[in-house]
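Overview (structure and organization)
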Amino acid sequence: MITSIVLIKTSVDQIPEIAERIAALNGVSEVYSVTGAYDLIAMVRVAQHDDLADVIPGRISKVPGVASTETHIAFRTYSQHDLEAAFSIGLDA
C-alpha cells in the first residue's frame, strides 16, 4: 500500500463542497479541512505507485475549485498504535 499526503489549495468559499467531492474519489481515504497555507489535506492510499498519477493529477486536480496540489509520498508509517503493538509482550493490563 502506498500512502500519500496531498496538500490542496481551493476556492475558500467552496471548501466543504470540494472536500466532499474529493473524499468520494476512489483511492482517497480521508480529507481534512485545515488552517495554514493549504485549505485541505487528502490522504491517498493506493496499491501501486502508478495509481497515484490516476488519483492525484487525474482526479483530485480536476475537481472544480481545486487551485493547486502538493504531494508528499510516505516512506514509513509511525503511530501510537504501531508502537504499542511493537512493545507489547502479550500481558493484559
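Residues numbered from 1 in each chain as written. Predicted model: local features only at pLDDT ≥ 70, side-chain atom pairs only at ≥ 80, totals over all residues. Heavy atoms only, no water.

With that out of the way, let us pick up the environment of Lys-9. Inspection of the secondary structure puts Lys-9 in strand β1 (residues 2-10). Separated by 29 residues in the primary sequence, Lys-9 and Tyr-38 have C-alpha atoms spaced 5.0 Å apart. Dropping the residues within four chain positions of it, Lys-9 is found in contact with Ala-37, Tyr-38, Asp-39, Gly-65, Val-66, Ala-67 and Ser-68. (Helix = DSSP H or I, 4+ residues; strand = E, 2+ residues; numbered from the N terminus. Contact = heavy atoms within 4.5 Å.)

Our focus in this paragraph is the environment of Leu-25. Residue placement: Leu-25 occurs in the loop between α1 (15-23) and β2 (28-33). Excluding residues within four positions of it along the chain, Leu-25 makes contact with Arg-59, Ile-60 and Val-63.

Here the focus is the confidence of the model for the protein. Looking at the protein, the pLDDT average stands at 90 and 85% of residues meet or exceed 70. When mean pLDDT is taken per element in the protein, α1 scores highest with 98 and helix α3 (residues 80-87) scores lowest with 59. (pLDDT = per-residue confidence, 0-100.)

Looking at α1, one finds that the buried residues are Ile-15, Ile-18, Ala-19 and Ile-22. Angularly, the buried residues of α1 cover 100 degrees about the axis, an arc narrow enough to put them on a single face. In α1, those exposed residues whose orientation departs by more than 90 degrees from the buried face are Pro-16 and Glu-20. Of the surrounding secondary structure, the elements contacted by the buried residues of α1 are β1, β2, β3 (40-46) and β4 (66-73). (Buried < 20%, exposed > 50% of the residue type's maximum accessible area, 1.4 Å probe, protein only. Arc of directions from axis to C-beta.)

Going through the model one piece at a time under the given rule, you end up with 0 aromatic pairs. A cation over a ring is seen here: Lys-9 above Tyr-38, with NZ or CZ 5.3 Å from the ring centre. (Phe/Tyr/Trp six-rings, centres within 6.5 Å; stacked < 30°, edge-to-face > 60°. Lys NZ or Arg CZ within 6 Å of the ring centre and 35° of its normal.)

Across a sheet, strands are paired by hydrogen bonds formed along the backbone, either parallel or antiparallel in direction. An order of β2-β3-β1-β4 is seen for the 4 strands of this open sheet, with the pairing classed as antiparallel. The two strands at the open ends of the sheet, each matched to only one other strand, are β2 and β4. On average, each strand axis in the sheet is inclined to that of its neighbour by 20 degrees, with strand direction left out of account. Where β1 and β4 come together, 7 bridges link them in antiparallel fashion. Following the sheet pairing, Ile-5 is matched in β4 by His-72. Relative to β2, α1 is tilted by about 165 degrees, and along the sheet it contacts β1, β2, β3 and β4. (Pairing = 2+ DSSP bridges. Axes fitted to C-alpha atoms, helices over the stretch in contact; angles between N-to-C directions.)

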